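A closer look at the structure
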Amino acid sequence: MAEYHEAPDWREKIAADVRELFGQLVGEVLDDAKRLVPVDTGHLRESLSSEINGDTARIGSDLNYALYVEEGHRVAYRGPDGETVFTGDMVPPQPYLRPALYRRRGA
């Protein structure tokens, strides 16, 4: 087997290998997030997706409440005159994205 540095196209071969490994890593993080996400209706889990653009990946959801599940939030309601009233109660975080990423951090 020839070494990479001996082949004339070694840079392209390495770049292709890196892209393949990156794609596998992104897929593994997404799979972990789907296993870790809390499920009530299943909409959040179903909405989780990934996209790769060059050397950048995005893993997440387009649902407006995804961040509130991950990080927790204060409980509020809309008052009679339209103002937001905070009750003082908190919904605790239920992290699923960060733990999924941290599981693969050393990969």
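Each chain carries its own residue numbering, running from 1 in the direction its sequence is written. Since the coordinates come from a predicted model, pLDDT governs what is reported: local features require at least 70, and pairs of side-chain atoms require 80 or more to be given and counted, while whole-chain, interface and lining totals use all residues. Values reported for side chains reflect all heavy atoms of the structure, with hydrogen atoms and water molecules removed beforehand.

**Things to note about the overall build of the protein chain**
A count of helices and strands for the protein chain gives four helices and four strands. For helices the rule is a DSSP run of H or I covering at least 4 residues; for strands it is a run of E covering at least 2, with both sets numbered from the N terminus onward. When the helices and strands of the protein chain are read in sequence order from the N terminus, they spell out α-α-β-β-α-β-β-α. In this description the radius of gyration comes from C-alpha coordinates, and the expected globular size is given by 2.2 Å times residues to the power 0.38. Rg of the C-alpha trace for the protein chain: 21 Å, well past the compact-globule value of 13 Å for 107 residues, more than 25% over. Along the three orthogonal principal directions, the C-alpha set of the protein chain runs to about 75 × 25 × 20 Å. Whether a residue is buried, partly exposed or exposed follows from its accessible area with a 1.4 Å probe, protein chains only, as a fraction of its type maximum: under 20%, in between, or over 50%, in that order. Residues classed as buried in the protein chain amount to 19% of the 107 residues present. Positive residues here are Lys and Arg, negative ones are Asp and Glu, while His and the chain termini are left out of the count. Note that the charge is assigned to NZ on lysines, CZ on arginines, CG on aspartates and CD on glutamates. Across the protein chain, the mean location of the 13 positive side-chain charges is 3 Å away from that of the 19 negative side-chain charges.

**Topic: helix H1 (residues 10-36)**
Since the α-helix packs 3.6 residues into each turn, any two residues three or four apart lie on the same face. Here the expected length of a helix is defined as 1.5 Å per residue gap, with one fewer gap than residues. In this model H1 runs 39 Å from its N-terminal to its C-terminal C-alpha over 27 residues, within 8% of the 39 Å that 1.5 Å per residue would give. Val26, Val29, Leu30, Asp32 and Ala33 are the residues of H1 that are buried.

**Here's the deal with the packing of aromatic side chains**
What counts as a ring pair is set by centres within 6.5 Å for rings of Phe, Tyr and Trp (its six-membered ring), and what kind of pair is set by the plane angle: stacked under 30 degrees, edge-to-face over 60, tilted for all other angles. Counting across every chain of the model gives zero aromatic pairs. As a reminder, the over-ring test applies to NZ of lysine and CZ of arginine, requiring each to be within 6 Å of the ring centre and within 35 degrees of the ring normal. Cation over ring: Arg74 sits above Phe86, and NZ or CZ is 3.7 Å from the ring centre.

**A few points about the confidence of the model for the protein chain**
For the protein chain, the mean per-residue pLDDT works out to 90, and 93% of the residues sit at or above 70. Of all secondary-structure elements in the protein chain, the lowest mean pLDDT belongs to H1, at 91, while helix H2 (residues 43-47) reaches the highest, 97. Per-residue confidence from the predictor is reported as pLDDT, a score between 0 and 100.

**A look at the nonpolar core**
If you look at the biggest cluster of nonpolar residues, it comprises ten residues: Val29, Leu30, Ala33, Val37, Leu44, Leu48, Ala66, Val69, Tyr96 and Ala100. Elements with a contribution of two residues or more to this core: H1 and helix H3 (66-71). At three residues, the largest contribution of residues to this core is made by H1. The contact rule is simple, with two residues in contact once any of their heavy atoms fall within 4.5 Å. Beyond its immediate stretch of four places on either side in the chain, Val37 contacts Leu44, Arg45, Leu48 and Tyr96. Only buried residues count toward a nonpolar core. Its members are Ala, Val, Leu, Ile, Met, Phe, Trp, Tyr and Cys residues joined through side-chain atoms within 4.5 Å.

**Details of the side chain of Ser61**
For Ser61, the location among the structural elements is in the loop between strand S2 (56-60) and H3. When its relative accessible area of 16% is taken as the criterion, Ser61 is described as buried. At 2.6 Å, the side chain of Ser61 and the side chain of Ser47 are in polar contact. Counting of polar contacts relies on pairs of N or O atoms within 3.5 Å, with two restrictions inside protein: one atom must be capable of donating a hydrogen and the other of accepting it, and residues adjacent in sequence are counted only when both atoms are side-chain atoms.

**Some words on the pairing of S2**
Sheet topology places strand S1 (residues 49-53) next to S2; five bridges connect them, and they run antiparallel. Paired with Ile52 across the two strands is Ala57, which belongs to S2. One bridge is not enough; two strands pair if DSSP finds at least two bridges between them.

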